Amino acid sequence: MTKRAEDLRSARWFARDDLRSMGHRSRATQMGWTDEDWQGKPVIAIINTWSDLSPCHHHLRDRAEWVKRGILQAGGTPAEMPVQSFAEQLLKPTSMLYRNLGAIEVEETLRSHPIDGAVLMGGCDKATPALVMGALSMGLPFIFMPAGAMLRGHFAGRMLGSGTDAWKYWDERRAGNITKADWDGVQGGIARSYGTCMTMGTASTMMSIAEGFGLTLPGASSIPAPDAGHKRMAAACGRRAVEMVWEDLTPDKIMTPAACANATAVAMATGCSTNAVIHLIAMARRAGVDWGLDDLDRIGHDVPVLANIRPSGQEYLMEDFFYAGGLPALMQQIRDHLNLDALTVTGDTVAQNIDGAKVWNDDVIRPLSNPVYHEGSLAVLRGNLAPDGAVIKPAACDPKFHTHSGPAIVADSYDELKVIINDPDYPITPDHVLVLRNAGPQGGPGMPEWGMIPMPQALLKDGHRDMVRLSDARMSGTSYGACILHVAPEAFVGGPLALIKTGDIITLDVPNRRLDVALSEEEMVSRRAEWSPPSPRYERGYGWIYTKHIEQADKGCDFDFLRTDFGAPVSEPEIN
């Protein structure tokens, strides 16, 4: 042990012989606590994102009991603390609007209570970055407990993947190829248990990234939510959290530039969600690491996609990934691309954590000699249309669109877009570039997942299933297609995307990482002079705060005042 009982943070609340501490102890006894609950024992917060409206986290009320068991086994005192649930499917207009608010809630919950360490419980898309960002800013020892993916979906003898197959079958229904009964069958079979999406969507991506950072127990991100091993992992997280407090293993010792490089390599090898870009940058910067688009693209050039999991892969899902060896096995495959000496929450290095990991199905977790895609999952684009960057997922789109030029069809809102895509006679071809703007961090607001623009009905009826689509929005990690996303600066704040018109020729060049519109600088200047900023989305409340302080996609969409370099660290609360 490197920390003594009298040095515990919670001792400031409970151990002193004064009036205020007596009041704290008295109120603790009101909850049934006795001296044995706090004397010489670390208090471990269980930060729980369970709610009745969070299907991905529906099992976390039960898992909290297993975490408590582990904390008690190791001689700690558990304290369950509820926070925002980040229900991706039900939280509108988008859960991304509330990620930073959730991070604030986590940070201040830990700071304001007698807490020595924490177990963070979550997994649905924005939950992982929000929990980690808040805990990083607070700086107490913590371990992340992934919620885990749900079981495979099934319908009519076919395996269904979350999101990915919903998009696919929706296109087929709009094309008239399946019936309402078929569609209802997909609805009933695609989500068969609690847990997060079982494709390599944003949820599985972010849980894998957390493990790549070294913030989870080895293999924790791959265990299916309903598996009995998930309960054992939850208890192990509780035990380890207690040990981390005594070891004073704080996140600044783990979240280093080496850890950020590891997390990025893991993301690329998994065939990650495009949302990984925003969250990974935000998490790294909360740790004081200057990490950006160029770092992601550099590593993406070198690390191929090895996880044959939908949507980048063609057949398998997260349950198959777990049976094939899980993330430790994949990390073993890319060990030459990892910083093996990086420290993790286990107190051991990455090399020690993955030692002995094996691949049990090399079609699910491919070797470097037979990748799913020869580069990483994502590519960063720049050009006169995206001077601060844009993102595409080459592994999940038709390769013929990796190099493409075509005339733009521009929609200024989602309502305008729906008119285009729902008109079976709209004059559009597969060579057009369908553009949605004013859907970014400010414009959405909250940068909703509108970037997976549905294929126009006019093209679906002719058998087309992909085309180049462009927006300043995000898209679900379960999505696929030639979708260019996160264009920065966004149109709403006057980025070049605001200046293009229907008919302008847009060129995508993935091999050379370019995104350009065929307009002269003089024409761009002329159009900018004619452009007027749109009206603010909010004039009061949290939305007003959000619009005043949100940063652009290339910077991780954090609030400017939450950056590590914004000001001096926040001191411990006074207790008087």
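Procedures and definitions
- Residues numbered from 1 in each chain as written.
- Predicted model: local features only at pLDDT ≥ 70, side-chain atom pairs only at ≥ 80, totals over all residues.
- Heavy atoms only, no water.
- Core = buried A, V, L, I, M, F, W, Y, C linked by side-chain atoms within 4.5 Å.
- Buried < 20%, exposed > 50% of the residue type's maximum accessible area, 1.4 Å probe, protein only.
- Contact = heavy atoms within 4.5 Å.
- Salt bridge = Lys/Arg side-chain N within 4 Å of Asp/Glu carboxyl O.
- Axes fitted to C-alpha atoms, helices over the stretch in contact; angles between N-to-C directions.
- Helix = DSSP H or I, 4+ residues; strand = E, 2+ residues; numbered from the N terminus.
- Parallel < 35°, antiparallel > 145°, perpendicular 65-115°, else oblique.
- Nonpolar A, V, L, I, M, F, W, Y, C, P; charged D, E, K, R; others polar.
- Disulfide = S-S within 2.5 Å.
- Expected span 1.5 Å × (residues − 1).
- Polar contact = N/O pair within 3.5 Å; in protein donor to acceptor, adjacent residues only side chain to side chain.

Chemist: I'd love a proper account of the nonpolar core, names of residues and values included.
Modeler: The biggest cluster of nonpolar side chains holds 105 residues, and the ones touching the most others in it are Leu110 and Phe213. In contact with Phe213, other than residues within four places in its own chain, are Ile254, Met255, Ala259, Cys260, Ala263, Leu280 and Met283. Among the nonpolar cores identified, the runner-up in size contains 29 residues, and Ala408, Val435, Val468 and Leu515 belong to it.

Chemist: Tell me about the pattern of salt bridges, and name the residues and values.
Modeler: Throughout the structure, instances matching the rule amount to 41 salt bridges. Measuring nitrogen to oxygen at the nearest pair gives 4.0 Å for the salt bridge that ties Arg285 to Asp290. By relative accessible area, which is 27% here, Arg285 ends up partly exposed. Salt bridges linked by common partners bring Glu88, Asp125, Lys126, Glu449 and Arg474 together as one network.

Chemist: Could you give an account of the packing of helix H11 (residues 257-270) against helix H15 (residues 326-333), with specific residues and numbers?
Modeler: Closest axis-to-axis distance for the H11/H15 pair is 10 Å, and the angle between their directions is 100 degrees. Compared by their axis directions, H11 and H15 come out roughly perpendicular. In this structure, H11 contributes Val266, Ala269 and Thr270 to the contact, and H15 contributes Leu327, Leu330 and Met331. Tallied by class, the residues present in the contact of H11 with H15 amount to five nonpolar, one polar and no charged.

Chemist: Pulling in residues and values, what's your account of the state of the cysteines?
Modeler: Here the structure, examined in full by the defined rule, presents zero disulfides. In this structure Cys237 is not part of a disulfide, and its nearest cysteine sulfur, from Cys56, lies 18 Å away. Accessibility expressed as a relative area gives 0% for Cys237, which makes it buried.

Chemist: Go over helix H2 (residues 19-30), please, and point to the residues and values.
Modeler: In a regular helix each residue adds 1.5 Å, so 12 residues correspond to 16 Å; H2 covers 17 Å between its end C-alpha atoms and thus fits that length. A distance of 3.4 Å separates the backbone nitrogen of Arg20 from a side-chain oxygen at the start of H2, and that oxygen is part of Asp18. Following H2 by one or two positions, Gly32 has its phi on the positive side, about 100 degrees.

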